[in-house]
Amino acid sequence: MGIGEVLIISFLAGIATLLGGILGLLVPVEREGCLGLVIGFGVGVMIGISLFSLMPQAYYLTGSPFTVGFGFVLGIIFMVLCSYFVNNKLKSLDTPNESAFFGKIGLLMAMGIGFHNLPEGIAMGAGFQGSTYLGFVVAFALMLHNIPEGISIGAPLKKSGVKNVNILLITALAGSVTPLGALIGWLATDGSVIFLSIGMGFAAGAMIYISFAQVLKITTKFLDLGIFFGILLTFFLT
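As the structure is a computational prediction, the values presented were derived from the model and not from experiment. (Residues numbered from 1 in each chain as written. Predicted model: local features only at pLDDT ≥ 70, side-chain atom pairs only at ≥ 80, totals over all residues. Heavy atoms only, no water.)

## Some points on the overall build of the protein chain
Now for step 1: Scanning the protein chain from terminus to terminus reveals 10 helices and 0 strands.
Now for step 2: For the protein chain, the α and β elements follow one another from N to C terminus as α-α-α-α-α-α-α-α-α-α.
Now for step 3: Within the protein chain, the fraction of its 238 residues that count as buried is 48%.
Now for step 4: When the accessible area of the protein chain is evaluated, it comes to approximately 11,000 Å², of which 74% is carbon and sulfur surface. (Helix = DSSP H or I, 4+ residues; strand = E, 2+ residues; numbered from the N terminus. Buried < 20%, exposed > 50% of the residue type's maximum accessible area, 1.4 Å probe, protein only. Areas by Shrake-Rupley, 256 points an atom, 1.4 Å probe, with all protein chains shown as cover.)

## Some points on the packing of helix α2 (residues 16–26) against helix α6 (residues 132–160)
Now for step 1: Contact geometry for α2 and α6: axes closest at 6 Å, N-to-C directions at 45°. Our classification of the angle between α2 and α6 gives oblique. Note that α2 runs across α6; the crossing there is right-handed. Along its contact with α2, which presents A16, T17, L19, G20, G21, L23, G24 and L25, the element α6 presents M143, N146, I147, E149, G150, I151 and K158.
Now for step 2: Partitioned by chemical class, the residues of the contact of α2 with α6 number 7 nonpolar, 6 polar and 2 charged. (Axes fitted to C-alpha atoms, helices over the stretch in contact; angles between N-to-C directions. Parallel < 35°, antiparallel > 145°, perpendicular 65-115°, else oblique. Left-handed = near helix turned anticlockwise from the far one by under 90°. Contact = heavy atoms within 4.5 Å. Nonpolar A, V, L, I, M, F, W, Y, C, P; charged D, E, K, R; others polar.)

## A word on the environment of I8
Now for step 1: Relative to the elements of secondary structure, I8 occurs in helix α1 (residues 3–14).
Now for step 2: Residue class for I8 comes out exposed when judged on its relative accessible area of 54%.
Now for step 3: Spatially, the C-alpha atoms of I8 and P179 are 7.7 Å apart, while their sequence positions differ by 171 residues.

## Focus on helix α7 (residues 164–175)
Now for step 1: Taking 1.5 Å of rise per residue, the 12 residues of α7 would be expected to cover 16 Å, and the 17 Å separating its terminal C-alpha atoms lies within 8% of that figure.
Now for step 2: Residues I167, I170, T171, A172, A174 and G175 constitute the buried set of α7. (Expected span 1.5 Å × (residues − 1).)

## Digging into the nonpolar core
Now for step 1: Residues L54, M124, V138 and M200 are the most contacted members of the largest nonpolar core, which totals 32 residues.
Now for step 2: Sequence-distant contacts of M200, defined by excluding residues within four places in its chain, comprise L54, Q57, A58, L61, A126, G127, G130 and L134.
Now for step 3: Counting residues in hydrophobic clusters, the runner-up holds 8 residues, among them L157, I167, I170 and A174. (Core = buried A, V, L, I, M, F, W, Y, C linked by side-chain atoms within 4.5 Å.)

## What about the confidence of the model for the protein chain?
Now for step 1: In the predicted model, the protein chain carries a mean pLDDT of 78, and the fraction of residues at 70 or more is 80%.
Now for step 2: Here helix α5 (residues 98–130) stands out as the element of the protein chain with the lowest mean pLDDT, 71, in contrast to α7, whose mean of 89 is the highest. (pLDDT = per-residue confidence, 0-100.)

## Focus: the packing of aromatic side chains
Now for step 1: The full count for this structure, using the stated rule, is 4 aromatic pairs.
Now for step 2: Measuring from centroid to centroid gives 5.3 Å for F128 and F136, while their planes differ by 80°, and the two rings are edge-to-face.
Now for step 3: Classification of F128 by relative accessible area gives buried; the value is 6%.
Now for step 4: Look at F136 and you get partly exposed, because its relative accessible area is 40%. (Phe/Tyr/Trp six-rings, centres within 6.5 Å; stacked < 30°, edge-to-face > 60°.)

Structure below.
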């Protein structure tokens, strides 16, 4: 498979945030159980793809846990820095009213998810370098994950009174980073099993950090049930 096809597939996976934005306008996300189930499912898919596909495949390529571990740690460090940047922005917010607060929260969510989509795209590009099957599995998993991400952007923006057209534009832009990551992952791992292994480990570390250090802090109904179904689906896909 060539880079052109990979970029098209990564674009489709990334633009799934737009579908999430649409659902954020239609689905009753104000219901705690509904939102928890959707977010939990996305987290379960991320955990499953990291543990069942990315990490084993990365180790299989080099047979070195140190190479995989190095990429894994880099992925975590990258996401820690991104989260630190977003948290600083949150602390500096001036929130004169509830509407403005939720509007800014939605925009910061979009920025944070945009950061997330870069290593996710790297995972996809690296996956396609490993095998077409792995690339499609990663693309499918990221597409599923991007839908609840889009919801998490659209819901607070909707509550703040942002126009529907602008919400859809913002969610689409958040997912548009994915093809750039796919290009980086494809070029950086081309012909090198070491870089491919590091790239897969990096993506796994980034997604595990997002899952455990960020999303799992949410205490809402049915989050654990959604995680279970997400992991179960990924297990059968891999």
